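# Structure at a glance
The chain contents come next:
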Amino acid sequence: MPIRRLFALTSVAFLVVLAISPAKNALRSYRAYQRRFAVLAASRARSAQQARDFEKRPVAIHQIWLPQLDNRVDRCTTCHLGVADAVMKGAPPPFAAHPWTPHTPVRIDRYGCTSCHAGEGPATTESQAHGTAKDAGPPLLPVAYIEAGCGRCHSTATVPAAPLLSRGRAVMDRYGCFACHGARGREAYRSGAPPLSSEPVKTGAVWLRRWLTKPRDVDPNSTMPNFQLGEREIEELANYVLGQDVPEDLARAVRAAGDEPAGDAANGKKLFSESRCISCHTVEGKGQGSAPELSKVASAATRGWLLAYVRDPHAFNPLTPMPQYHFSEADSRDVVAYMEDEFRDFDAPKDILEPLRVNRTLAEAGEKTFRKYGCFSCHGSPGGRTAEKFGPDLDGIGDKKAAFLDFGRRTDLPRTLTAWLAAKVDSPRSFAKGLKMPAYGFNPEETQAVVTALLAFGSQPVPESYRVLPTASPIAIPAGRVGHLVDRYRCLSCHQIGDRGGDISTAPLTFEGSKVQRSWLVDYLVLSYSIRPILTERMPIFHMPREEATELADAIETLFVDPRVPEDPFQGRPASDVDPAEGERLYTALGCRSCHILGSAGGYYGPPLTDSGTRLRPGWTFAWLKGPQRWRADVRCPDYGLTDRDALRLTAYLATLHQPPAAAKGGK
Amino acid sequence: MTTLSLDSVFRRLRDTDAWRSVVRHGTASTNRNRSLVVFENLFLHVHPVKVREKTLRFTHTYWLGGIALACALILVATGVLLMFYYHPSVPQAYRDMKELEFVVDNGLFLRNMHRWAAHLMVFATFLHMMRVFFHRAYRPPRQFNWVVGVVLLCVTLLLSYTGYLLPWDQLAFWGVSVGTNMAKEAPLVGEKARFLLLGGNIVSENALLRFYVLHCVVLPVALLLMLSVHIWRVRKDGGVQGPPEAPRGKEEVR
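These figures come from a predicted structure and were not determined experimentally.

### Quick look at the overall build of chain B
- Check the secondary structure of chain B and you find 12 helices and zero strands.
- In chain B, the order of α-helices and β-strands from amino to carboxyl end is α-α-α-α-α-α-α-α-α-α-α-α.
- Taken against the 2.2 N^0.38 rule, which gives 18 Å for 254 residues, the C-alpha radius of gyration of chain B at 23 Å runs more than 25% over that of a compact globule.
- Counting only C-alpha atoms, chain B reaches 65 × 65 × 30 Å along its principal axes.
- Here the analysis covers contacts within chain B between residues at least 6 apart in sequence; of these, 65% occur between residues at least 24 apart.
- Of the roughly 16800 Å² of accessible surface on chain B, 67% is carried by carbon and sulfur atoms.
- Chain B carries 29 positive and 17 negative side-chain charges, and their two centres are separated by 10 Å.

### Description of the interface of chain A and chain B
- At the junction of the two partners, chain A supplies 18 residues and chain B supplies 13 residues.
- Roughly 1300 Å² is buried in total at the junction of chain A and chain B, and carbon and sulfur atoms are behind 46% of that figure.
- When residues of chain A are sorted by the area they lose upon contact with chain B, Ser21(A), Asn25(A) and Arg75(A) head the list and together hold 26% of the total.
- Here chain A is connected to chain B by one salt bridge.
- In this structure, Arg75(A) engages Glu99(B) in a salt bridge whose closest nitrogen and oxygen atoms are separated by 2.5 Å.

### Concerning unusual backbone geometry
- Here the amide bond leading from Pro93(A) into Pro94(A) is cis, since omega sits at 5°, within 30 degrees of zero.
- With respect to the helices, strands and loops of the structure, Pro94(A) is situated in the loop between β2 (72–74) and α4 (108–111).
- The linkage connecting Pro140(B) with the following residue, Pro141(B), adopts the cis geometry, with an omega of 10°.
- Mapped onto the elements, Pro141(B) comes out in the loop between α7 (107–134) and α8 (143–165).
- If you check the backbone angles, Arg276(A) has positive phi at about 50° while not being a glycine.
- Residue His543(A) is not a glycine yet carries a positive backbone phi of 60°.
- Within the element layout of this structure, His543(A) appears in the loop between α26 (518–526) and α27 (546–559).

### Some details on the pattern of salt bridges
Residue and element names in this part refer to chain A.
- The full count for this structure, using the stated rule, is 31 salt bridges over all chains.
- Close ionic contact of Arg209 with Glu235 constitutes a salt bridge, the shortest N to O distance being 2.9 Å. Of this pair, Arg209 sits in helix α11 (residues 205–213) while Glu235 sits in helix α13 (residues 231–242), placing them 26 residues apart in sequence.
- Arg333 is the partner of Glu260 in a salt bridge, and the nearest nitrogen-oxygen pair spans 2.7 Å. Of this pair, Glu260 sits in the loop between α14 (248–259) and α15 (265–274) while Arg333 is found in helix α18 (residues 329–342), placing the two residues 73 residues apart along the sequence. Accessibility classification places Glu260 together with Arg333 in one group, the buried group.
- Each of Arg167, Glu445 and Glu446 takes part in one network of salt bridges that share partners.

### Considerations on the nonpolar core
All names here are of chain A.
- Membership of the largest hydrophobic core comes to 58 residues, with the highest contact counts inside it found for Phe272 and Phe343.
- Of all the elements in the fold, those that place two or more residues in this core are α14, α15, α16 (303–311), α18, α23 (480–488), α26, α27 and α30 (618–625).
- With six residues, the top contributor of residues to this core is α16.

### Overview of α11(A)
- Along α11(A), the residues classified as buried are Ala205(A), Val206(A), Trp207(A), Leu208(A), Trp211(A) and Leu212(A).
- For α11(A), the secondary structure elements touched by its buried residues are α10 (199–202), α12 (215–218) and α13 of chain A.

### Concerning the confidence of the model for chain A
- With 97% of its residues at a pLDDT of 70 or more, chain A has an overall mean of 89.
- Scored below 50 in pLDDT, residues 661–668 of chain A shows seven contacts in the model against residues more than four places distant or in partner chains.

How each quantity is defined
Every chain is numbered on its own, with residues counted from 1 as its sequence reads. Chain letters start at A and ligand numbers start at 1, both assigned in the order the entries are written. Local features in this predicted model are restricted to residues whose pLDDT is 70 or higher, and side-chain atom pairs enter the listing and the counts only when it is 80 or higher, whereas totals over whole chains, interfaces and linings include all residues. Hydrogen atoms and water are omitted, and side-chain values are computed over all heavy atoms in the structure. The secondary structure listing takes helices from DSSP runs of H or I that are at least 4 residues long and strands from runs of E that are at least 2 residues long, numbered from the N terminus. Radius of gyration: C-alpha atoms only; globule rule: 2.2 Å multiplied by the number of residues to the exponent 0.38. It only takes one pair of heavy atoms within 4.5 Å for two residues to be counted as in contact. With residues, only the protein chains shown are counted as cover, and all accessible areas are computed by Shrake-Rupley using a 1.4 Å probe. When charges are counted, Lys and Arg are positive and Asp and Glu negative, with His and the chain ends excluded. The atoms used to mark charge sites are NZ of Lys, CZ of Arg, CG of Asp and CD of Glu. As a working definition, buried area equals the accessible area (1.4 Å probe) given up by two parts on being put together, with both sides summed. Salt bridge, as applied in this entry: a Lys or Arg side-chain nitrogen positioned within 4 Å of an Asp or Glu carboxyl oxygen. Type-normalised accessible area, obtained with a 1.4 Å probe on protein chains alone, sets the label of each residue: buried when under 20%, exposed when over 50%, and partly exposed for intermediate values. Each nonpolar core is a collection of buried residues, namely Ala, Val, Leu, Ile, Met, Phe, Trp, Tyr and Cys, held together in the definition by side-chain atoms within 4.5 Å. Per residue, pLDDT measures the predictor's confidence, with a range of 0 to 100.

So, in structure tokens, the structure goes:
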């Protein structure tokens, strides 16, 4: 009967179809991986017992469950079976042991895999887990950007084990990304770019046109990006900027300074070098480079403006990192005279600083252009900075799906978030016509660093227990006179206090009060000298009056102290009672002289110890000797593991070293 | 050794007390007895006692109602299994969908069965209705069953639609956004209907929960109830072959 035969046939076909799914289930790829792993691991095992354990491991799905971290489930270890096994070091993928990081493989149970590597944690097939399948979840993060994972939890500016991320964050800060783009935790960001109100008395139209065309060509240290402006836009902007009203006090200061007689360039040269300008600026590329190149500055700014600015930079730009030196009227004239003589662009046209005859129509159009490109985000505007950010917020950019991104004309790019971000950072205008983000001209390494920092902006904040926040600095800088002095001399531009401050100096001030003796500090502030001869960036001579120095030293001694440093390690005895002779023997035996100068001999990596009895507090020397890395993680001074007794003797020896201050000091 | 034929084994089985406690009719394989077994059984009584072989021919009904019924049964079976793995909550729903693929044994097969059976059921139900229409099988005495059938079609479509949201993926989210916005355009009750469906003004976890309850409890119960009536009515109205046709007028002979 045909209907019965049909029924029989379809029944058989149905059974076959039903068998397909269990068969596929039994042949899933992770099972094969686990069998291969058992063989490989057994062959690498260190003992017969270990080999047997590897062989006996049942085939199963492995997972790391992180209930604290969004209930994450990572099953990567189902195939990557050797991540935490020392015997699998150097094994072929996917079985290799994970390279050491501060969190892996030791605490892999707390951090899982996808918190750094992204990808689809719960998946058990390669294409789904790595995000290569068409319907897969988030793709794996390329290893080049892996430090973005650190940044999800660590919101401090520098993350010790993540140099690329730290670099990216520093670059983003320096180039003012957060002036236009909002981000959680960066609400207080302010660009250090100068307000433009004094521009009409500072420079001329020719210079400004050059600057607007390509800021980096004028000053290689410039952080201002290239807005790729058209000639007309440049003309409009020049008219707008140079047509502004200069605040009366600034205009008067510049005019008065311009009328002063010329100074003594020879003395100016000496002052220029004493003031250590190149600790921040460069001269023909030599110097630290966070501040403008000075070799052509006299062709960029009028003499009056330069002089007024050197005398009081904070009046022109309240956010500048430049300290206000305590130059006398004559001294500042001399410094500017030196700059006028030497730092000139000899190829520049004569009229480079000629004032512009402002065209009102162009100036009005210029105001629109100024707003159109968001110039006010960094430079402010007569109406003040706007509360609303010019660009889109960056929160969640690290979790954007590639499908949601506008690739526009960039058909050459792979459709991934990382490729999009790298292209956006590298050439922002290449995606479509009419985009406004300017080109920063980053080199490939900077681009990689910035993309890493960007990828760290997740859409969801990580749970509290995983977050590493910048520690609220326990050291407050007092208001009033001392605060004013710290601000005037811009201590924080170079030094760190707590976790605030710049990275130009290698000497944080956080525990300076426990470290140096007050009398030495006062002398040093009045007339500083180079402590570590190997460093190019040195403490400037501010010509600080002695009262100010005393005040600062008092504040430092009171406030910037660390309880780990003993007040008096000798417990009332004089240093000479603690066997300094044995200390001297230790000094020689430990080879301290290879880095430190003492007397006429020694290496110049570390600070000279010739006057250590005058400079350092014995408590500090003792605490330092007990473990230099406790005070600065990256310091090269070895931890010899000295006993208290030996450390004390060495401290006593160093405390007896005094040199007449006059001989120790360089400079004058 | 005595040879045991299959027949004798069955006969003995039917004589056991346990069997007789369930099927209360004798072993005699008479037509009467067979009819009685069907009459007295809750599950079989909706079925006609006698089926003519002619009506089982494929071309007679294209088996469309049967296919829809089979789909419904598959959907209930796979649906119950899926419910073991699914949480109707926002952080969990999509993840559970993925878990079916990643770790549940035959999970993807289970889900695909449910999905394809659902598609097929909608398709078969439509065709079934068209077949009934073009065969003029909606005429008295089956006019009531036609109405029941229309209700069943609506329930089927609603089941299909409410199931659409449950994976909680982009397709689901926007599908339901569009669908409920269409409901909003209905005159007078539109706004209220949308609010009632979503349990709020946006597609959120309330909507997910509502659609889940509708999909897994309210609508299936309605379906099974109406389905029983529908099949029972088929039998009452003369089975798939229908009542004997009265002699037709001229136009109908043509």
